[in-house]
Amino acid sequence: MRIRNRLLLVGLLLVIVSMGVVWAVVRPRDPIFHGKPETLWIEQLAYNDTEQVKQWREFGPDGVGVLVRALEGASRPADRFYRSAVRRMSQVLPGGVLGLLPAPREDATRITRMKVVDLLSSLRKDVHAAVPAMAQALKDEDDSVQALAITFFTSTEDEDALLNQLPALQKRKLLPEFIRALGSVSHWGLRNNAALALKYFPDEPEVVLSALTNALNDPMPQVRIVAAGSLHRVAPDAAAADRVVSVVIGILRNSDDQIAHRAAELLGKIGKASALTVPALIESVQGTNRLVASAAASALGSFPDQAEKIVPVLLHAYQNTNGVVSRRMSGRALKKLAPEAAVSLGL
């Protein structure tokens with residue numbers, strides 16, 4: 001056992017030294033880009049800076065190349081490999097043996113990687129050249145970098161998302177990373193983004209359906225609502241089941257209106273076949289939160305087969321000028337369900 005541990009230690013050190021030598025040899029110089037060294041551009045990056053995003057969009061493909069090189073340079077594979085190896089060895093080797101190893105260096109480039117990935121995710125133009133590097137960023141050792149990397153592929157959150165534009169084979173290769181990210185224990189934002197990404201895989205229903213169904217049990221309502229929405233796109237019939245509708249109704253009753261109003265909107269899409277939906281939406285219309293009540297009123301316009309039950313509620317909400325429901329939302333729903341009544345109200 002002692003000899004085996006020593007051989008393992010020697011082998012690990014040789015690998016690390018070799019990787020360091022290779023990196024030192026192939027490491028690129030610091031080219032000048034628009035009058036400044038590339039490294040200086042990267043050091044000056046900031047988060048959520050609209051002017052910065054505009055500037056880098058104007059740089060076009062050349063700017064994307066600078067960011068990709070910065071991301072690759074910040075990955076430091078030798079350090080990352082060593083940190084990972086020490087973590088794995090700590091599970092199988094005695095503490096005395098681990099004490100002989102140098103302490104792993106801290107992840108000093110985490111912030112840089114986050115800023116670069118965040119900026120690339122905001123460009124939305126000329127970014128196809130960054131796909132390989134961002135696919136690698138999905139495997140980053142830091143959950144926050146992974147979460148931002150997913151946003152690169154899904155940033156518009158609609159049919160124009162980059163993930164929806166990739167060739168089928170390239171897109172399919174990313175699927176295991178999204179499935180793995182959905183199982184993250186420590187970072188709900190990563191799970192949230194992964195659940196969103198899975199809606200772009202309707203051609204992989206079996207794998208995606210299982211993953212999203214499991215995500216309906218997530219402890220965070222934000223993840224549950226995204227999972228239900230993605231499930232609706234991938235497998236509409238499964239999303240219409242009472243079990244899924246019940247999950248969304250639970251979120252509708254959440255005290256945070258920023259998440260609850262999204263549940264109301266989603267129920268208008270997935271809840272048409274469930275007897276649970278309309279009573280829950282009516283309950284919200286009669287509630288005290290303006291944002292949620294208005295979203296629920298709008299959603300009720302999607303249930304013409306239950307107009308007899310819904311129209312009196314909407315009429316009361318519309319005519320109650322001191323009520324919490326937006327008259328525009330209730331009026332819009334009334335136009336769909338009771339056109340004659342809407343005309344009499346001057347809508």
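Below or above, wherever it landed, is the structure these notes cover. (Residues numbered from 1 in each chain as written. Predicted model: local features only at pLDDT ≥ 70, side-chain atom pairs only at ≥ 80, totals over all residues. Heavy atoms only, no water.)

**Focus on the overall build of the protein**
Looking only at helices and strands, the protein has 20 helices and 2 strands in total. Expressed as a percentage of the 347 residues in the protein, the buried residues total 47%. Residue pairs at least 24 apart in sequence account for 64% of intrachain contacts in the protein once pairs closer than 6 positions are excluded. Element-wise, carbon and sulfur atoms account for 55% of the exposed surface of the protein, whose accessible area totals about 18100 Å². (Helix = DSSP H or I, 4+ residues; strand = E, 2+ residues; numbered from the N terminus. Buried < 20%, exposed > 50% of the residue type's maximum accessible area, 1.4 Å probe, protein only. Contact = heavy atoms within 4.5 Å. Areas by Shrake-Rupley, 256 points an atom, 1.4 Å probe, with all protein chains shown as cover.)

**Description of the packing of aromatic side chains**
Evaluation of the coordinates by the stated rule reveals 8 aromatic pairs. On the basis of an interplanar angle of 70° and a centroid distance of 6.0 Å, the ring pair of Phe-33 and Trp-41 is categorised as edge-to-face. The exposure classification of Phe-33 matches that of Trp-41, with both residues buried. Relative to Phe-59, the ring of Trp-56 lies with its centre 5.1 Å away and its plane at 85°, an arrangement referred to as edge-to-face. Here Trp-56 and its partner Phe-59 are both found in helix 3 (residues 50-74), 3 residues apart, which amounts to about one turn of the helix. An aromatic cluster is built from Phe-33, Trp-41, Trp-56 and Phe-59, whose rings are joined through pairwise contacts. The positively charged end of Lys-171 is found above the aromatic ring belonging to Phe-201, 5.2 Å away from the centroid. (Phe/Tyr/Trp six-rings, centres within 6.5 Å; stacked < 30°, edge-to-face > 60°. Lys NZ or Arg CZ within 6 Å of the ring centre and 35° of its normal.)

**Notes on the pattern of salt bridges**
Enumeration over the complete set of coordinates arrives at 8 salt bridges. Linking Glu-177 and Arg-180 is a salt bridge whose minimum nitrogen-to-oxygen distance equals 3.1 Å. Here Glu-177 and its partner Arg-180 are both found in helix 9 (residues 168-182), 3 residues apart, which amounts to about one turn of the helix. (Salt bridge = Lys/Arg side-chain N within 4 Å of Asp/Glu carboxyl O.)

**What about a positive patch on the surface?**
Taken together, the side chains of Lys-272, Arg-328, Arg-332, Lys-335 and Lys-336 make up a positively charged region of the molecular surface. With respect to the helices and strands, the residue Arg-332 is situated in helix 19 (residues 327-337). Residue classification places Arg-332 among the partly exposed residues on the basis of a relative accessible area of 39%. (Patch = residues over 30% accessible without salt bridge, like charges linked within 9 Å, V, L, I, M, F, W, Y side chains within 5 Å. Lys, Arg positive; Asp, Glu negative; His and termini not counted. Charge placed at Lys NZ, Arg CZ, Asp CG, Glu CD.)

**Concerning unusual backbone geometry**
Even without a glycine there, the phi angle at His-34 is positive, about 50°. With respect to the secondary-structure elements, His-34 resides in the loop between strand 1 (32-33) and strand 2 (36-37). Within the chain, Asp-126 stands out as a residue other than glycine whose phi angle is a positive 60°. Along the chain, Asp-126 falls in the loop between helix 6 (110-123) and helix 7 (131-137). Of the residues examined, Asp-126 reaches a relative accessible area of 32% and is grouped as partly exposed.

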